[in-house]
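Reading the structure
Chain by chain, the residues:
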Amino acid sequence: MIEVTTHLLSNGITLLHHYDGATRMVALHLQYDVGARDERPGHTGLAHLLEHLMFTGSAHVASYDAPLQAAGGVSNAWTSNDITCYYDVLPAHNIETALWTESDRLLDLTLSDESIATQKSVVTEEFKERFLNAPYGDVFHLVAHLAYKVHPYRWPTIGNSVQEIESFTKQEIGEFYRKHYVPGNLVMCISGNIACDKAVALAEKWMGSVPVRPVPVRNLPQEPEQKGPRLVEVKRAVPMNMIVRAYRMCGRGDVDYHACDMLSDVLANGKSSRFYANVLSQTQLFTELDAAVAGSNDPGLFYVRGRLADGVSWQQAEDAIDGQLRLLLEHGVSRDEMEKCANKAESTMLFENVSYSTVASKLCQFHLLTGQASDINTEAERYRRLRPDDLMRVAKKLFDPNHCSTVHYGAQGSAD
């Protein structure tokens, strides 16, 4: 059982605390309820660019990393479609250094022409390295554009293009920062070797004086029902053909999410999974075949991804995948399969929760998702409560061909 205490500061910041006496360290995680879904068409990649700029200095901290490193700590950050997370890990007795630096960049971030130009260059190089020049780098960009027509999930977190990233003005960046980086949009967790009363006192000291600002109202367009299969075919300089299917599914907080996640494990988690046992081991059609859920807050995607062996046609690959889905829909999932998947899910969570820093991150995520950080303690039970009928009901809805978007990502020179 992970014990968590919640404290609401007067300015709207939510503080979560978890004590871990097995370490001399503490982790400070801050998750802002803003991500790529809060951008607009033609102005994508701004949330991720701002994440980079948050490290370039604020009113009283010229360089964010320098004081953290001097205090024996490290810091980093990441951006997703849904949230932006910043975290610091350092000796417990130096926690005030992290709180000071975090409060200063929330209060008054410095946005200079030089820092903006530098970070634009860094992000555009990241875009080129990871998505334009890497084999298969743009495959999930293609999938998102195909599966979504109006929802902001149709563009990647890093942005639609280098041109959009380069086009942001200082004014646009500043407006986005002032709109979304407000106390009421922030959940932070202090986890590690620090007592709750001390954590609350220090949070009030350093974060409590940040002025209240309006919390933005999110009003995202709802993706209409997909009423037919979609397909796009491309050719790229890659070693072998890849197929990616994306089925429309529920969001992370939906009652059926855990059933979708278990279905992905039934199909592709481990050597006893159906894709491995029935396709990879028994045929020579694929070199890889996997399934996974996106885990996004809003209705997301269930992915099936495979790399085709040489000489295998798209039709053969499609038939093999459809065959396994058909068997699942006709005969269901056994209790033994479900118990194995529930055991794996629980063991994964237990290993993850050994880390006080991971616990801090997950507590913030649960609070933002459900409003209850303590839901971290009931996550494993949600898998255990599933029954075969639950998986059948969800699978019949999930694997509707009319809700599927497919990318045939072909190697240049390969036969169609």
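Provided above is the structure to which this section pertains.
For the structure given in this document, a descriptive report is provided here. Keep in mind it's a predicted model, so treat the numbers as computed, not measured.

1. What about helix 12 (residues 335-352)?
- For helix 12, spanning 18 residues, the distance from its first C-alpha to its last is 26 Å, which sits close to the expected 26 Å at 1.5 Å a residue.
- Tucked inside the fold, the buried residues of helix 12 contact helix 9 (257-268), helix 10 (274-280), helix 13 (356-370), helix 14 (379-384) and helix 15 (388-398).

2. Considering the layout of surface pockets
- Roughly 1300 Å³ of internal volume is contained in the largest pocket.
- Considering the residues around the largest pocket, the lining is formed by 48 residues, among which Ser80, Val293, Ala294, Gly295 and Ser296 are closest to the centre.
- Per-class residue counts for the lining of the largest pocket are 24 nonpolar, 14 polar and ten charged.

3. Comments concerning the pairing of strand 2 (residues 14-19)
- Counting buried positions along strand 2 yields five of six residues, so the element is predominantly enclosed.
- As defined by bridge partners, strand 1 (residues 5-8) adjoins strand 2 across four bridges and the pair is classed as antiparallel. Within strand 2, the residue paired with threonine 5 across the bridge is histidine 17.
- The turn joining strand 1 and strand 2, which pair antiparallel and follow one another in sequence, is formed by five residues; a positive phi near 105° is taken by glycine 12.
- Relative to strand 6 (residues 186-192), strand 2 is paired through six bridges, and the arrangement is parallel. Along strand 6, the bridge assignment pairs leucine 15 with methionine 188.

4. Here's the deal with the nonpolar core
- If you look at the biggest cluster of nonpolar residues, it comprises 50 residues, and the most contacted ones within it are Ile173, Tyr181, Met188 and Met207.
- Once residues within four sequence positions are removed from consideration, methionine 188 is found in contact with Ile13, Thr14, Leu15, Leu16, Leu28, His29, Leu30, Leu99, Ala203, Met207 and Cys364.
- Judged by nonpolar contacts, the second largest core, of 45 residues, contains Ile243, Ala291, Val333 and Met338.

5. What to know about the packing of aromatic side chains
- Within this structure, the stated rule accounts for twelve aromatic pairs.
- Judged by centre distance (5.9 Å) and plane angle (85°), the rings of tyrosine 32 and tyrosine 86 are edge-to-face. In this pair, tyrosine 32 sits in strand 3 (residues 25-32) while tyrosine 86 sits in strand 5 (residues 84-91), placing the two residues 54 residues apart along the sequence.
- Look at tyrosine 32 and you get buried, because its relative accessible area is 0%.
- Between phenylalanine 55 and tyrosine 64 the ring centres are 5.4 Å apart and the planes differ by 90°, which places this aromatic pair in the edge-to-face class. Each of the two residues, phenylalanine 55 as well as tyrosine 64, counts as buried.
- Every member of this aromatic cluster is reached through a ring pair, and the members are Tyr32, Phe55, Tyr64, Tyr86, Tyr177 and Tyr181.
- Of note, arginine 105 hangs over the ring of phenylalanine 55, and the distance from its end group to the ring centre comes to 4.7 Å.

6. Let's talk about the environment of lysine 396
- In this fold, lysine 396 is placed in helix 15.
- For the pair lysine 396 and leucine 328, spaced 68 residues apart in sequence, the C-alpha separation works out to 9.4 Å.

7. Concerning helix 11 (residues 314-331)
- With 18 residues, helix 11 should reach 26 Å at 1.5 Å per residue; the first-to-last C-alpha distance of 26 Å fits that figure.
- All of the buried residues along helix 11 are Trp314, Ala317, Glu318, Ala320, Ile321, Gly323, Gln324, Leu325 and Leu328.
- Immediately beyond the C-terminal end of helix 11, within one or two residues, lies glycine 332, with a positive phi of roughly 75°.

8. Topic: the sheet that holds strand 5
- Strand order in the open sheet formed by six strands is 1-2-6-3-5-4, and the pairing between neighbours is mixed. Of all the strands in the sheet, just strand 1 and strand 4 (74-79) have a single pairing partner and so form its edges. Strand-to-strand twist in this sheet, taken as the mean axis angle between neighbours without regard to direction, amounts to 15°.
- Of the strand pairs in this sheet, strand 3 and strand 6 are connected by seven bridges, and their pairing is antiparallel. Opposite histidine 29, over in strand 6, you have cysteine 189 as the bridge partner.
- Of the strands in this sheet, strand 2, strand 3, strand 4, strand 5 and strand 6 are in contact with helix 13, which crosses strand 3 at around 25°.

9. Brief notes about the pattern of salt bridges
- For the structure shown, the criterion picks out 22 salt bridges.
- Put simply, arginine 218 and aspartate 33 hold a salt bridge, and the shortest N to O gap is 3.3 Å. With arginine 218 in the loop between helix 8 (196-207) and strand 7 (230-236) and aspartate 33 in the loop between strand 3 and helix 1 (46-53), this pair connects stretches of sequence that are 185 residues apart.
- Here arginine 37 ties to aspartate 298 by a salt bridge, and the two come within 3.0 Å at their closest N and O atoms. Placement of arginine 37 in the loop between strand 3 and helix 1 and of aspartate 298 in the loop between strand 9 (286-293) and strand 10 (301-308) is noted, with a sequence separation of 261 residues between them. Neither arginine 37 nor aspartate 298 differs from the other in exposure class; each is buried.
- Connected via shared salt-bridge partners are Asp33, Arg37, Asp38, Asp82, Arg218 and Asp298.

10. Quick word on the side chain of histidine 367
- By secondary structure assignment, the location of histidine 367 is in helix 13.
- With near-sequence residues (within four places) excluded, histidine 367 lies in contact with Thr14, Leu16, Val187, Gln372 and Ala373.

11. Focus on the packing of helix 1 against helix 4 (residues 113-132)
- Here helix 1 crosses helix 4 at 125°, and the two axes come no closer than 9 Å. Of the possible angle classes, the one that applies to helix 1 and helix 4 is oblique. By crossing handedness, the relation of helix 1 to helix 4 is classed as right-handed. Taken together, the residues of helix 4 that come into contact with helix 1 (itself represented by His48, Leu49, His52 and Leu53) are Ser115, Ile116, Gln119, Lys120, Val122, Val123 and Glu126.
- Among the residues forming the contact of helix 1 with helix 4, the class breakdown is five nonpolar, four polar and two charged.

12. Details of the packing of helix 9 against helix 15
- Running from N to C, helix 9 and helix 15 point in directions that differ by 85°, and their axes come no closer than 9 Å. In terms of their interaxial angle, helix 9 and helix 15 are classed as roughly perpendicular. Across the interface between the two elements, Ala259, Cys260, Met262 and Leu263 from helix 9 touch Leu391, Val394, Ala395 and Leu398 from helix 15.
- Among the residues forming the contact of helix 9 with helix 15, the class breakdown is eight nonpolar, no polar and no charged.

Rules behind the numbers
Residues numbered from 1 in each chain as written. Predicted model: local features only at pLDDT ≥ 70, side-chain atom pairs only at ≥ 80, totals over all residues. Heavy atoms only, no water. Helix = DSSP H or I, 4+ residues; strand = E, 2+ residues; numbered from the N terminus. Expected span 1.5 Å × (residues − 1). Contact = heavy atoms within 4.5 Å. 1 Å grid on protein atoms, 1.4 Å probe; cavity = no way out; pocket = protein on both sides within 12 Å on 5 of 7 lines; lining within 4 Å. Points joined across faces, edges and corners; volume = space filled by probe spheres on them. Nonpolar A, V, L, I, M, F, W, Y, C, P; charged D, E, K, R; others polar. Buried < 20%, exposed > 50% of the residue type's maximum accessible area, 1.4 Å probe, protein only. Pairing = 2+ DSSP bridges. Core = buried A, V, L, I, M, F, W, Y, C linked by side-chain atoms within 4.5 Å. Phe/Tyr/Trp six-rings, centres within 6.5 Å; stacked < 30°, edge-to-face > 60°. Lys NZ or Arg CZ within 6 Å of the ring centre and 35° of its normal. Axes fitted to C-alpha atoms, helices over the stretch in contact; angles between N-to-C directions. Salt bridge = Lys/Arg side-chain N within 4 Å of Asp/Glu carboxyl O. Parallel < 35°, antiparallel > 145°, perpendicular 65-115°, else oblique. Left-handed = near helix turned anticlockwise from the far one by under 90°.

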